[in-house]
Amino acid sequence: MQRLEWSPLLETGVAEMDASHRSLLQAIHATIDADDSSLSIRIAELLNILALDFAEEEALMDQLYYPTDHEHRAAHRRALAALQHALPVAQENPAGARILLERLPRWFLGHLSAMDLPLAVAVENTSHPHSQPSRAKLRQQLSQLLQEQRSI
């Protein structure tokens, strides 16, 4: 599996989201890299980090009266449920849990492009004090182009 390293291309332009995403990506790789004896502990830690990231995003959505918050929240619930399912599997069958874990970097990219970049654009459009100028809009356009190319 190829590692997904943090880079400026993954930034949304919203400082809080970017810091949280950087920590989340580190936790994903620490979980993937964990040996079998510590895998359950790492998954539990990842669940906590993910829940915190999601809570922060959902707080932003609440502040903005974000119009598609129900879709974004549903995506959060699905991701947490999948990881919660992996926790007992890791104790009995670490190899089985790793199949799910190997998908996390790709999930992260998909969630970032489909859900978090539009949220960052909404934050940016409200002149949120933590946003930076128009990087999120450009990244969202790039994401849309990449998604269109995949469907061709």
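Residues numbered from 1 in each chain as written. Predicted model: local features only at pLDDT ≥ 70, side-chain atom pairs only at ≥ 80, totals over all residues. Heavy atoms only, no water.

Looking at the nonpolar core
Membership of the largest hydrophobic core comes to 25 residues, with the highest contact counts inside it found for Ile 43, Leu 83 and Phe 108. Elements with a minimum of two residues in this core: α1 (15-33), α2 (39-64), α3 (69-92), α4 (94-101) and α5 (104-125). It is α2 that contributes the most residues to this core, 6 residues altogether. Once you skip the residues sitting within four places of it in the chain, Phe 108 turns out to touch Leu 4, Trp 6, Leu 10, His 21, Leu 24, Leu 25 and Ile 28. (Core = buried A, V, L, I, M, F, W, Y, C linked by side-chain atoms within 4.5 Å. Buried < 20%, exposed > 50% of the residue type's maximum accessible area, 1.4 Å probe, protein only. Helix = DSSP H or I, 4+ residues; strand = E, 2+ residues; numbered from the N terminus. Contact = heavy atoms within 4.5 Å.)

Considerations on the layout of surface pockets
Estimated volume of the second largest pocket: approximately 160 Å³. Forming the boundary of the second largest pocket are Leu 50, Ala 75, Arg 78, Ala 79, Ala 82, Leu 83, Leu 100, Arg 103, Leu 104 and Trp 107. Going through the elements one at a time, α3 and α5 are the ones with two or more residues in the lining of the second largest pocket. Looking at the lining of the second largest pocket element by element, the count peaks at 5 residues for α3. Within the lining of the second largest pocket, the residues separate by chemical class into 8 nonpolar, no polar and 2 charged. (1 Å grid on protein atoms, 1.4 Å probe; cavity = no way out; pocket = protein on both sides within 12 Å on 5 of 7 lines; lining within 4 Å. Points joined across faces, edges and corners; volume = space filled by probe spheres on them. Nonpolar A, V, L, I, M, F, W, Y, C, P; charged D, E, K, R; others polar.)

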